[in-house]
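# An overview of the molecular structure
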Amino acid sequence: MQNFQGVGVSPGRIIGSVRQMPKPVSEPPSGDRLAADVSPEDAVAGLKAAAQAVHDELKGRADTASGDGKAVLEATALMAKDTMLLKSASKLINAGSSAERAIWEAGASVSEMLHNLGGYMAERATDVLDVRARIVAELRGVPAPGIPSSDTPFILVAEDLAPADTATLNPAVVQALVTSGGGPQSHTAIIARSLGLPAVVAAHGVDDIADGTEVFVDGAAGFVAVSPTDEHRAAATAWAETSATLAEFDGNGTTADGHLVPLLANVGGAKDAVAAAALGAQGVGLFRTEFCFLERDTEPSVDEQAAAYKAVFDAFPGKKVVLRTLDAGADKPLPFLTDATEPNPALGVRGYRTDFTTPGVLERQLEAIARAASESEADVWVMAPMISTAAEAGRFASLCAAAGIQTPGVMVEVPSAALTAATVLREVGFASLGTNDLTQYAMAADRQLGPLAELNTPWQPAVLRLVQLTVEGAEQESSGREGAAKPVGVCGEAAADPALAVVLTGLGVTTLSMTARSLAAVGTVLKTVTLEQARELATLALSAPSATEARDWVRAKLPVLEELGL
Ligand code: PEP
Ligand code: MG
């Protein structure tokens, strides 16, 4: 029996059969020529047959899909038969290029041309690049890129997943996610938690597990076993029962002694918001607006934005919805805002900083938010991502005021904002700790990199200290004036870890926002401790010399976690 140890990022114990995610298609070498024994006519015929096969495969999937997924698959299938694409590739083959290189170059120029046309046509630019990769894979006889399509359930093993992969991930067939790369704050982790799938990241060596191998996955312990034992089978059966009892949140986040900690949802659009409301979320603590426009090459219009935002607000009438302005950059590039050639994107022009280089987009977004808010019954709060200084917070607050937005706030995800929380909070009405980025910047460890997973956990005492400093900053800010301290919530993945949620409550955060699937588990565990016990656990975690000890010490005091398999 072979075991793999990674980092558990989404609980659940399950047994299933492995499907490896195909590797991305590599670019055929520049100047790659047609082989001497292949005629241009045969190469063109081969290319057309490959394009037809790609079309048929995508069309077949479109026929059984529904909604947005169906439309995307249909549009991509049509692109595989695009005459301009195939004609320009044939021309290159006739000039001596290999079929792979020809379709690669033809795809690049068609994509660029569509991009330059703007509007709807620009939206198709990425479809062309997807289609060209599929045609090259077909010519090479290797599996098509992206999540494998299958009617039978499987455990997906990949190097890592990108946000765009969510669109094609069908949770009815994908039973669990295991990656060799990715950290606890990577998008694989976020996607897994939002879909309620057990997940393990940074499990070195899993790329070599053969397709069809039966494995046991424990998403809390971060463990993967090939050839499951009877004990593993019993654990998987027990989890199937527990998960049913953990599926419902009663809509009331509180400690055992009645200290209220509203439990809110992280959403990326209306579909998530409707699902979160159904799962009992007390509001939205993070609406990642960039997720509405990830596929876009061009800035969405104010009307289009207002409609997308209102659809989320309408899921929570009378409740709080915290919307974050576009957080483009690094792991979430938006071509109309970010520069793909930046050498160090995580430290580059991202989040609020895109306003330095592309002024106007933020103002138009605030106009759309204000309009949507005025037409809805939600209590709309608006925050800026990646704020580093009090001056930035002040400028954001003035832009919000100019747009008629009453409650401006900031995300605290850069250590400088945590360290100067009192002055930052003087400028705005609230703060929300983005512990995913706060951890990556405090530890100088890219959140997407598997080998840095041990550094990249919000259990790091340094990160907990930054959370504590932010809460203290809010208290300090209130000491010089009338009224209570301004709210400091957490909307990073830390809030979805039930043990850490208790620690954060003990540190004094006022709300916890997470993927809606985690609400029930966090709510259940929070109700087992008093505020005083949560404070003691926070002190314990802060005193630990390492992240591992902080987590182990706190978990040891919360036996309910093991009982529930969390
Ligand atoms: C964070 O950084 O913690 C956060 C909530 O934002 P995102 O994960 O979208 O960067
Ligand atoms: Mg962030």
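These numbers were taken from a predicted model, which means no experiment stands behind them.

Another point: the coordination of the magnesium ion (ligand 2). Within the first shell, the magnesium ion (ligand 2) binds the protein through E413 (OE) and D437 (OD), at distances of 2.0 to 2.2 Å. One end of the pair, E413, is in the loop between β13 (408–412) and α14 (415–419); the other, D437, is in helix α16 (residues 435–443), and 24 residues separate them in sequence. An identical accessibility class is assigned to E413 and D437; each is buried.

With that out of the way, let us pick up the pairing of strand β12 (residues 379–384). Counting buried positions over the 6 residues of β12 gives 5, a clear majority of the element. One ladder, built from 5 bridges, connects strand β11 (residues 320–324) with β12; its direction is parallel. Each residue of the ladder has a partner; that of V321, found in β12, is V380. Note: β12 against β13, 3 bridges, orientation parallel. Note that in β13 the partner of A384 across the bridge is V410. In the classification by handedness, the crossover that spans β12, the intervening helix α13 (residues 390–403) and the parallel β13 is right-handed.

Moving on: the nonpolar core. Membership of the largest hydrophobic core comes to 97 residues, with the highest contact counts inside it found for Y309, F313, L366, I369, V503, L504 and L512. In this structure, L512 is in contact with V261, P262, L263, L264, V490, A495, A501, L504, T505 and V522, ignoring residues within four places of it in sequence. L73, A99, I103 and V128 belong to the second largest nonpolar core, which has 32 residues in total.

Our next topic: the site of ligand 1. Around ligand 1 sit 14 residues in total, of which R288, K332, G434, N436 and R447 are the nearest. Between ligand 1 and the protein, one listed contact pairs an oxygen atom with a backbone N or O atom of N436 at 2.7 Å. Its free accessible area being 290 Å², ligand 1 has 100% of it covered by the protein chains. Residue contributions to the shell around ligand 1 peak at 3 residues, all from α16. Each residue belonging to the shell around ligand 1 can be placed in one class, and the counts come to 3 nonpolar, 4 polar and 7 charged.

If you trace the backbone, V226 turns up in strand β8 (residues 223–226). Taking the relative accessible area as the measure of exposure, V226 reaches 13% and is therefore buried. Remark: the alpha-carbon pair of V226 and E248, spanning 22 residues in sequence, is separated by 32 Å.

Among the residues making up helix α21 (residues 547–556), those that are buried are A547, A550, V554 and R555. Around the axis of α21, the buried residues are gathered within 120 degrees of arc, so they sit on the same side. Counted as exposed and oriented over 90 degrees from the buried face of α21: T548 and A556. Contact partners of the buried residues in α21: α17 (461–479), α18 (498–507), α20 (531–543) and α22 (560–564).

A separate point is the domain arrangement of the protein. By domain assignment, the protein separates into domain 1 (3–22 + 147–230), domain 2 (40–140) and domain 3 (254–564). Taking only C-alpha atoms, the centre of domain 2 and the centre of domain 3 are 40 Å apart.

Note on backbone geometry: most residues besides glycine have negative phi, and most peptide bonds are trans. If you check the backbone angles, A202 has positive phi at about 55 degrees while not being a glycine. Within the secondary structure, A202 is located in the loop between β6 (199–201) and β7 (214–218). We classify A202 as buried; its relative accessible area is 15%. Despite not being glycine, S227 has its phi angle at roughly 60 degrees, a positive value. Structurally, S227 can be placed in the loop between β8 and α8 (230–245). By relative accessible area, S227 is classed as partly exposed at 43%.

Moving on, we get to the sheet that holds strand β16 (residues 511–514). Pairing in this closed barrel of 8 strands is parallel, and the strands run β9-β10-β11-β12-β13-β14-β15-β16 around the ring. With direction set aside, neighbouring strand axes in the sheet form an average angle of 30 degrees. Bridge analysis of strand β9 (residues 263–267) against strand β10 (residues 283–288) gives 3 bridges, and the strand direction is parallel. What sits directly across from A265, in β10, is V284.

Read across the sheet, 8 strands follow the order β1-β8-β7-β3-β4-β5-β6-β2 without closing on themselves; strand pairing throughout is mixed. The open sheet has two free edges, formed respectively by β1 (3–5) and β2 (7–10), since each of these has just one partner strand. Sheet twist, expressed as the mean angle between neighbouring strand axes with direction ignored, is 30 degrees. Alignment of strand β5 (residues 174–179) against β6, held across 2 bridges, turns out to be parallel. In the strand pairing of β6, L177 is matched with A199. Strands β2, β5 and β6 of the sheet are contacted by helix α7 (residues 187–195), whose axis makes an angle of about 45 degrees with β2. Running at roughly 105 degrees to strand β3 (residues 13–20), α8 makes contact with β3, β7 and β8 of the sheet.

Moving on, we get to the packing of α17 against α18. Relative orientation of the contacting elements α17 and α18 amounts to 35 degrees, with a least axis distance of 9 Å. Seen from above, α17 lies across α18 with right-handed handedness. Facing α17, whose interface residues are L464, V467, Q468 and V471, α18 presents L500, V503, L504 and L507. Each residue belonging to the contact of α17 with α18 can be placed in one class, and the counts come to 7 nonpolar, 1 polar and no charged.

About the cut-offs
- Residues numbered from 1 in each chain as written.
- Chains lettered and ligands numbered in written order.
- Predicted model: local features only at pLDDT ≥ 70, side-chain atom pairs only at ≥ 80, totals over all residues.
- Heavy atoms only, no water.
- Donors = N, O, S within 2.8 Å, 3.2 Å for Na, K, Ca; no water.
- Helix = DSSP H or I, 4+ residues; strand = E, 2+ residues; numbered from the N terminus.
- Buried < 20%, exposed > 50% of the residue type's maximum accessible area, 1.4 Å probe, protein only.
- Pairing = 2+ DSSP bridges.
- Right-handed = clockwise from strand over helix to strand, strands pointing away.
- Core = buried A, V, L, I, M, F, W, Y, C linked by side-chain atoms within 4.5 Å.
- Contact = heavy atoms within 4.5 Å.
- Near = heavy atom within 4 Å.
- Polar contact = N/O pair within 3.5 Å; in protein donor to acceptor, adjacent residues only side chain to side chain.
- Areas by Shrake-Rupley, 256 points an atom, 1.4 Å probe, with all protein chains shown as cover.
- Nonpolar A, V, L, I, M, F, W, Y, C, P; charged D, E, K, R; others polar.
- Arc of directions from axis to C-beta.
- Domains from an automatic or database assignment.
- Axes fitted to C-alpha atoms, helices over the stretch in contact; angles between N-to-C directions.
- Left-handed = near helix turned anticlockwise from the far one by under 90°.

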